[in-house]
Amino acid sequence: MTSSEPLLSLSSCNPNPSPVELPHPPLNVGPLSCLCPTASFSSSIYDDAQSNSLDAKDNDTVSVGEADCYQKPLDDDSVVTLERFQSAESQFFQPLVLECPTKETRHMVSWGSMELQEYPMTHEISGTTLVQDRVSKSQRIRHRSVQFEDNFSSEENPRLIYVNDPKKTNGKYEFTGNEVRTSKYTVITFLPKNLFIQFHRVAYLYFLAIAALNQLPPLAVFGRTVSLFPLLFVLCVTAFKDGYEDWRRHRSDEKENNREALVLQSGQFRLKKWKKIRAGEVVKVCANESIPSDMVLLATSDPSGIAYIQTINLDGESNLKTRYARQETASTVFEEHTISGLVKCEQPNRNIYEFTANMEFNGQRFPLSQSNIILRGCQLKNTEWVIGVVVYAGPETKAMLNSTASPSKRSRLESYMNRETLWLSVFLFVMCAVVALGMGLWLEQQRTQLDTLPYYRKRYFTNGRYNGRTYKYYGIAMETFFSFLSSIIVFQIMIPISLYITMELVRLGQSYFMIEDKHMYDSSSDSRFQCRSLNINEDLGQIRYVFSDKTGTLTENKMEFQRASVYGKSYGSSSNITDDSMPEASISAGAAERRWKLKSEIIADTDLVELLHKDLDEDERVAAHEFFLTLAACNTVIPILRRSSCSSCTTSDLHEEVGAIDYQGESPDEQALVAAASAYGYTLIERTSGHIVIDVNGEKLRLDVLGLHEFDSVRKRMSVVIRFPNGAVKVLVKGADTSMFSILAKQTDEISPGGNIAFNIKNATQSHLIEYSSQGLRTLVVAARDLTAAEFEEWQHRYEEASTSLTERSTKLRQTATLIECNLNLLGATGIEDKLQDGVPETIESLRQAGIKVWVLTGDKQETAISIGLSCKLLTPDMQQVVINGNSEDECTRLLADAKSKYGVKSAKCRNKGLKYKKNSENDYLEIPDETRTSSVSQLHAGKAVGMKSAPLALVIDGNSLVYILEKDLEPELFDLAIACKVVLCCRVAPLQKAGIVDLIKSRTDDMTLAIGDGANDVSMIQMADVGVGLCGQEGRQAVMASDFAMGQFQFLKRLLLVHGHWNYQRVGYLVLYNFYRNAVFVMMLFWYILYTAFSTTSALTDWSSMLYSVLYTSVPTIVVGILDKDLSHKTLLQHPKLYEAGHRHESYNMYLFWMTMIDTLWQSLVLFYIPFFIYKESSIDIWSMGSLWTITVVVLVSIHLAMDIQRWVLVTHIATWGSLVMTCVCMVILDSIPIFPNYWTIYHLVKSATYWLTILLITAIALLPRFLFKAIHQFYWPSDIQIAREAEILRKWPGQLRSKPGQGSS
Amino acid sequence: MKDFFLVDSRFSQQELPACKPMLTPGLVIMAFIFIGTIFIPIGLVSLFASESVVEIVDRYDKGCIPEKYGKHMVAFIQSKETNKTCLRTLTVPKLMKNPVYVYYQLDNFYQNHRRYVKSRNDKQLRSKAYASETSTCAPEATTANGSAIVPCGLIAWSLFNDTYGFSVKNKALEVSKKNIAWKSDQDSKFGSDVFPKNFQSGGLIGGAKLNSSKPLSEQEDLIVWMRTAALPTFRKLYGKIEVDLEANEKITVLIQNNYNTYGFEGKKKLVLSTTSWIGGKNDFLGIAYLTVGGLCLFLAINFVLVYVIHPRPLGDPSFLSWNRNPAGHCTYG
């Protein structure tokens, strides 16, 4: 093997071209752990969340509860313990293996989109199953795209792709072509399919049933065509909208399908339309072109086979990602050559982060992984061309499989509304029953007269063929039944079907205002507020719990390298940073004058710079050298040179000019570290799959990358094996402290001096880590070691085998990693600052005042979490912190019970727990800012005597404990404790645990939950919560895609909830009640009339008026009010967050209001009917005049009713309210001017009568009097908070007056 | 243009200039007083108008049955042999200025019954071309041999057929039957070329027969009858007496009591009434207005009193829920 040969990062570097099939080791040694479903996410932000259970099991066996001691200065015992259990590792994995229930496996497997038979996975399961088990409870909420890593089994059902042989490829298997169709309909299928889809809505079925009933001859209440009108109207509007949308989809599909790509056809790359591309074809894609389908890379313009792609369309991440063509295929010439190969890959699935396959090419067999595939929807960047073979085409591509929308949510208010709709149905039923019963009784009474009644006439009179036959009379029972049905038709709008359409329109309008709100516009990212879900606007006004992610949500996720601990010394504290040009000077003292320009300037610590410029002889110096080498080398960051002559800068000739480097990486932490290394003179300037080039103070250092173990959330570290130019092989590791300290080299006692130093370094580093994390920094531990030839050989062998393996590759790789990730020499640690976003503390404070509980769920360490909690005012120094971090179920039970019984008196708990808890509590003191420390110490001591009930509690719980607690039996305990606490902070939680915690609250209370997050790890939480808010952050668009609302910054949450949430809730609550009222008052008016028509379902109103009432006459003002009305200005609402609690108290919509509205409705309907009844009791008024009077009156009445409740009259409101009155009149006049209607000319007669006008006035006054009176008295003597605030706002009393003493009001 | 954008952004920021009405005590009291002061005069005026209307009501359905048919009223009315003339004497209580409207009032007659309301065909009534159009007229659509009845349907069939002849001091009072129907109905709904055909020719006679030489548009009794009443008790205009009737005059009415309301216990009344701007006699309207107006004034006074006794300063933050109950030391109340 020659070092110059570029090697693939994930593939073997075995010089032997033919892979050697080694006998599989009977039992793998190493951290075997159950495959976590979330491990497939590549984001490293929640990296340290998942795998605590592994450690937990270790701890059990070693019988030292140490999970929460990681960050504390370890004393000798615990270090020894660590070593001991490390050495004992292999032994206690075996028993664990046996514990694993196989059914778990099956369970998990079935989640995947692929059918998998049972296959031996048992040995993989370890302590993490506990997470799994809990997780499986909440699997219904999971996004289906989250899949298990190893759902591919080549033996079962591989997909075979013959390279450049589409015929053979597609012959046996029916793979889809590359044509995509996002459109739903074709011209032929449009009508049936669209109707079918539309009638999935219950409302339409109701319409249809009513219309169908009306077509039956004995029931025809309305004219047959008229009764179809509302349904047809709604259907047409919706069909038109759907049709238009689909037409646009057709057009974009067509455009997409007709794009052209270069496809290898008879030895030549020729243009071919995208839709004609088939699986197995070889396609060439040039720079900046889109990729037509999912392809396995065969070759690229880069000789080492690298290609860069941008995945912004797929996951929203804008940084470039590297993909590699396999070395075996990279040099193949495709044109004019016959090539053949076979790709065996998994069945199409949604997971964009995983791909498992292998390939046979020119007799070689090698594995393919995610880094060898480029996906449809991505763009090729920085690479001249790539050639690949299509493996998934069209609908089977991962992009298309992922394009389904997340399930829609229904608002809480709407479900309450449905409950009330049930009541309305009861009313409807009762009314219909009364009519039917009345009809039956009346017929029974008149039984003998039915043939003589001039207005009934059961039989035909005439002598002809109908002689003596009954006419539309089917016996009393049937008549009663028909009467029931026809009264349903007449009273149909009692169920306010139009309300659903109204609400949709209103929400649309509300979201317009939310989107347009300039206070929720993030200028830095140019992102507006987004309403992705239109169903839950009003839920924003009732949020009780906010679950927030930390990184990227509370913090900016812009990482800045702040502190470094190298060889036991801490650098970068503010004392030894000089912010002038000192460091630059010292750097430029280096050999070369060149410096690399970076986007972010890091102020280097002078001491550290000095150290780096010493000679390479001291240990400390060597450690510092290796430290920065690791930072520069151990990552997956891609340096992109921003200079035109790229080639020249990689060659050795040095230019005087300054090169600018842009680091592209998947993790902001890594970018920060690389940038930091560069600031100290270790600049990563080139990365290929086989080697990296680091500029060490001007000297080019070329390192061969022999292997790379990527970051995963189980190991929580990454390592890279490199070969120095001198042939030495080193493994460089960086990772979370918890995972790192257990694999450091044993400091055996016999080498006392060195051991002591090392030991001291370890101790010092650990105390530095605590310091860093207490400052809110994210910490990583850096270590390295030399590999001996034997170790290297073994590793390489295993690595090769693992990376070519088709099954359980990641597990095998993980096992391989443990071979070398051990006995490491500690180099130091880094502290990266994650800055708080703007306005976070203020927002949290406001939310808290508004009665919203903010819970932070983070993957970070406990200390980091607490310090961030303190800095964003989530935790306040006067709070009692209840810390739960148990390592077993028993311990958690006890901790919870203790906490509950002591109500958070922590000192007692610490006493019980002995040594480590004493430390724990000391540690807690440290977290409290200095000025308050004494007071809280005294508080702690005084705690038991005084009774701490008044002190707010803060619960801090870690993911480890949650694993045990989220089992069924402890959940209630946690719940009790958690809701007693003012703040809950969950650290080191896995993504699915986040969802579990949301579920904890959601399933046990009626309170509304909101989850806010920015990363893929928050998706499950966002989908679980009642309201999911995504932040358009740095971590891609996964969270945004899954969310209901998306915005730019956390601080907008305040405005979203307190202002828009409040308004929306207020508006929709009123809207619903008003719509109930509006329809019910109309129906009840009809009902009273029917009692005076011998229970025959006559309506005095014309058919058209009945139909237009809720559609046209009264609908517009409701919509306008639902969109525009507002009770309080946004200033008032923001100034007094407590006003938000109106939503918690369900002030705008509740049972009481519903029943009051219904009583009011009853009164108003009685007035509506009986006033004209008495006025025209013995008069010559005809039925149509009466109907006309009622129509006008009811519209006037409901309009004035609405007008009385409008709180803010803008021009539009005036136009809508009075305009619809005018429109009603115009419609009446028009309808009465058409001679074919029976009501012809009615209105012209009526307007001449004074009685008519006086009746309208009288009805309006009497009907609204009780309501007005009640409202006046209620507002006067039992004012709601909102009412008071409104008065104060209008009278401009707010400033200053708020703090006036209570009591002065009574005189 | 700049103004436009300004307005536009104020709209999207929901900051448009707005009127924010608020129920201040003053406003409530003003509203009540306003309603009171408007309604009481209206009530008084309408009551006065109602009082000025003179109305004579005479129920004659029972009185017009000879004693011997007392138990067999239906038989009496259905018989073709019986003499249905009936003489009634009415006394004019007050001066009745012309025109005096003559109504007949029926009780318990559900002209608003769904079967009844629908049993007509407007097309047939309107135009000769649709003479055979009887689709909605069942069960009174065609004769035994299938030819269409014009006008068809229950409504026309049951046309009221009592007649009244008035005389004062043995001098006949002329009752004008012109212009008793709506002009619009005559013009547009009842065709001038449509003549009654096959009407009341079947076995069962429902009511009046029509003069088959007169077009429907001139059959005003039919047009009045076919404008179906809203409520089961209704009046229909019979005619107008276009002379003044002096107080205490005795009016003799010769009634042809033909219409069968006995089959369903309906009442028949003859009504003579003058009219005012309010229409017929209608005390309810005035009383209702007075009541509401009085109530509002009463409420206004109450509100004034209550506000003096127990006022609440508007917008006083001390009434806010979190100020009323600050944990522990709540003193307000």
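For the structure itself, look to the data block above.
Residues numbered from 1 in each chain as written. Chains lettered and ligands numbered in written order. Predicted model: local features only at pLDDT ≥ 70, side-chain atom pairs only at ≥ 80, totals over all residues. Heavy atoms only, no water.

### Brief notes about the environment of A:Thr1191
Residues and elements named next belong to chain A. Checked against the element boundaries, threonine 1191 lands in helix α42 (residues 1183-1205). Accessibility expressed as a relative area gives 2% for threonine 1191, which makes it buried. Residues threonine 1191 and glycine 341, spaced 850 residues apart in sequence, show a C-alpha to C-alpha distance of 79 Å. With residues up to four places along the chain from it excluded, the contact list for threonine 1191 reads Leu1101, Ser1105, Tyr1113 and Met1228. (Helix = DSSP H or I, 4+ residues; strand = E, 2+ residues; numbered from the N terminus. Buried < 20%, exposed > 50% of the residue type's maximum accessible area, 1.4 Å probe, protein only. Contact = heavy atoms within 4.5 Å.)

### With respect to the sheet that holds strand β6 (residues 175-176) of chain B
Remark on secondary structure: sheet strands pair via backbone hydrogen bonds, oriented parallel or antiparallel. The strand order across the open sheet built from five strands is β1-β9-β3-β7-β6 (chain B), with neighbouring strands paired in antiparallel fashion. Whereas interior strands pair on both sides, the edge strands pair on one side only; in this sheet they are β1 (55-59) and β6 of chain B. (Pairing = 2+ DSSP bridges.)

### Quick look at the sheet that holds strand β5 (residues 294-300) of chain A
All names here are of chain A. Spatially, the six strands line up as an open sheet ordered β3-β2-β4-β13-β5-β11, and their pairing is antiparallel. The outermost strands of the open sheet, each flanked by one partner alone, are β3 (268-273) and β11 (373-374). Strand direction decides the pairing type here: β5 and β11, joined by two bridges, are antiparallel. Among the inter-strand pairings, valine 296 is bridged to a residue of β11, identified as isoleucine 373.

### Details of the packing of helix α37 (residues 1103-1113) of chain A against α42(A)
Residues and elements named next belong to chain A. Orientation of α37 relative to α42, taken along the N-to-C sense of each, is 20°, at an axis distance of 11 Å. Considering their axes alone, α37 and α42 lie roughly parallel with respect to each other. Considering the relative orientation of α37 and α42, their crossing is right-handed. In this structure, α37 uses Ser1105, Tyr1109 and Tyr1113 to contact α42, whose residues at the interface are Thr1191, Val1194, Val1195 and Val1198. Classifying every residue of the contact of α37 with α42 gives five nonpolar, two polar and no charged. (Axes fitted to C-alpha atoms, helices over the stretch in contact; angles between N-to-C directions. Parallel < 35°, antiparallel > 145°, perpendicular 65-115°, else oblique. Left-handed = near helix turned anticlockwise from the far one by under 90°. Nonpolar A, V, L, I, M, F, W, Y, C, P; charged D, E, K, R; others polar.)

### Considering the interface of chain B and chain A
If you look at the interface, chain B gives 93 residues, while chain A gives 110 residues. Counting the surface chain B buries against chain A, the share from its top three residues, B:Gln14, B:Arg114 and B:Arg115, is 9%. If you look at where chain B meets chain A, you find four salt bridges. For the salt bridge of A:Glu1289 with B:Lys20, the shortest nitrogen-to-oxygen distance reads 3.6 Å. Connecting chain B to chain A are 37 residue pairs in polar contact (both at pLDDT 80 or more). Broken down by class, the residue content of the side of chain B that touches chain A amounts to 54 nonpolar, 23 polar and 16 charged. (Buried area = accessible area lost by both parts, 1.4 Å probe. Salt bridge = Lys/Arg side-chain N within 4 Å of Asp/Glu carboxyl O. Polar contact = N/O pair within 3.5 Å; in protein donor to acceptor, adjacent residues only side chain to side chain.)

Honestly, that's just the spatial picture; any functional story needs more than this.
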